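Listed here are the chains, written in short residue letters.
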Amino acid sequence: GGRPPPRRNNNQQTQQVQPKVAKVTGALNNLLNQIYYEYNQQSDGYPVYKTDGGDKDIFIFHYSYDNMQRWYIGSTLGSDYDVLAFIEDVNKDLSRDGSQQIWSEHNNGQWADNNNLKLTLEVNANVNNADTKQPPPNRDDPRQQRRNNQQQQNQQNQQQNQQNQRNNQPPQRNNNQQNQQNQQNQRNNRRNRDRNNQQQNQRRNNQGQQQNQQQNQQRNNQ
């Protein structure tokens, strides 16, 4: 009989089961330009990829209609609502379609082709670090970045306030203090207007009384 097919060696088997990450570049919406990690469920029998970190989850997934199939990037998994970009499924292969097809991207309220947007699949080199496939530690976390920016801004304000005190300049107020000051100014302005109106009315009344007294005195003299 015929010989059995050759067996794969262990290295080949290991390479085939290594999880992938999807990398998106060139999108006009910068929220799309990041690394997407393999998610723990599928869509249409294809792997799903999801962002890690940030304020809003974004998914890459396969979606089927009656007469066509697409790859979607969107914020609602398994739905064609909240889609941010898409390509047609031509090759049944996200890696090929993502890098070869022209993506349509939703930007400024309308759809337009973006020739620069590309999606590539890469081996997740960090997969063995933890069961949850955490991203590399040097990847920028948007939330941490915002905290760092806030701390830096606070330090700059403190330094500026110290400099202002030395120069006898008023310290910088934060937004809440500024808003409170604005509201106080508005209240003061209203009180001043009311006081001015009262004074004007009083002057008018006094003038009217004086005119009446003069008229009465003239009648009495006649």
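Use the structure listed above.
Residues numbered from 1 in each chain as written. Predicted model: local features only at pLDDT ≥ 70, side-chain atom pairs only at ≥ 80, totals over all residues. Heavy atoms only, no water.

(A) Focus on the pattern of salt bridges. For the structure shown, the criterion picks out three salt bridges. The shortest N-O distance in the salt bridge between Glu88 and Arg70 comes to 3.1 Å. Here the residue Glu88 occupies a position in strand 6 (residues 83-88), and Arg70 occupies one in strand 5 (residues 69-74), the gap between them amounting to 18 residues. The closest approach of N and O atoms between Lys92 and Asp89, which form a salt bridge, is 3.8 Å. Residue class for Lys92 comes out partly exposed when judged on its relative accessible area of 47%. You can call Asp89 buried: its relative accessible area is 10%. (Salt bridge = Lys/Arg side-chain N within 4 Å of Asp/Glu carboxyl O. Helix = DSSP H or I, 4+ residues; strand = E, 2+ residues; numbered from the N terminus. Buried < 20%, exposed > 50% of the residue type's maximum accessible area, 1.4 Å probe, protein only.)

(B) Fine view of a positive patch on the surface. Side chains of Arg187, Arg190, Arg191, Arg193 and Arg195 sit close together on the surface and give a patch of like positive charge. Looking at the element boundaries, Arg187 is found in helix 4 (residues 175-221). Exposure remark for Arg187: the relative accessible area of 33% places this residue in the partly exposed category. (Patch = residues over 30% accessible without salt bridge, like charges linked within 9 Å, V, L, I, M, F, W, Y side chains within 5 Å. Areas by Shrake-Rupley, 256 points an atom, 1.4 Å probe, with all protein chains shown as cover. Lys, Arg positive; Asp, Glu negative; His and termini not counted. Charge placed at Lys NZ, Arg CZ, Asp CG, Glu CD.)

(C) Inspection of the packing of aromatic side chains at higher detail. Under the definition given, this model contains seven aromatic pairs. Ring plane angle 35° and centroid distance 5.6 Å describe the contact between Tyr63 and Tyr72, whose orientation is recorded as tilted. Tyr72 gets classed as buried once you look at its relative accessible area, which sits at 3%. By way of ring pairs, the aromatic residues Phe61, Tyr63, Tyr65, Tyr72, Phe86 and Trp111 are connected into one cluster. (Phe/Tyr/Trp six-rings, centres within 6.5 Å; stacked < 30°, edge-to-face > 60°.)

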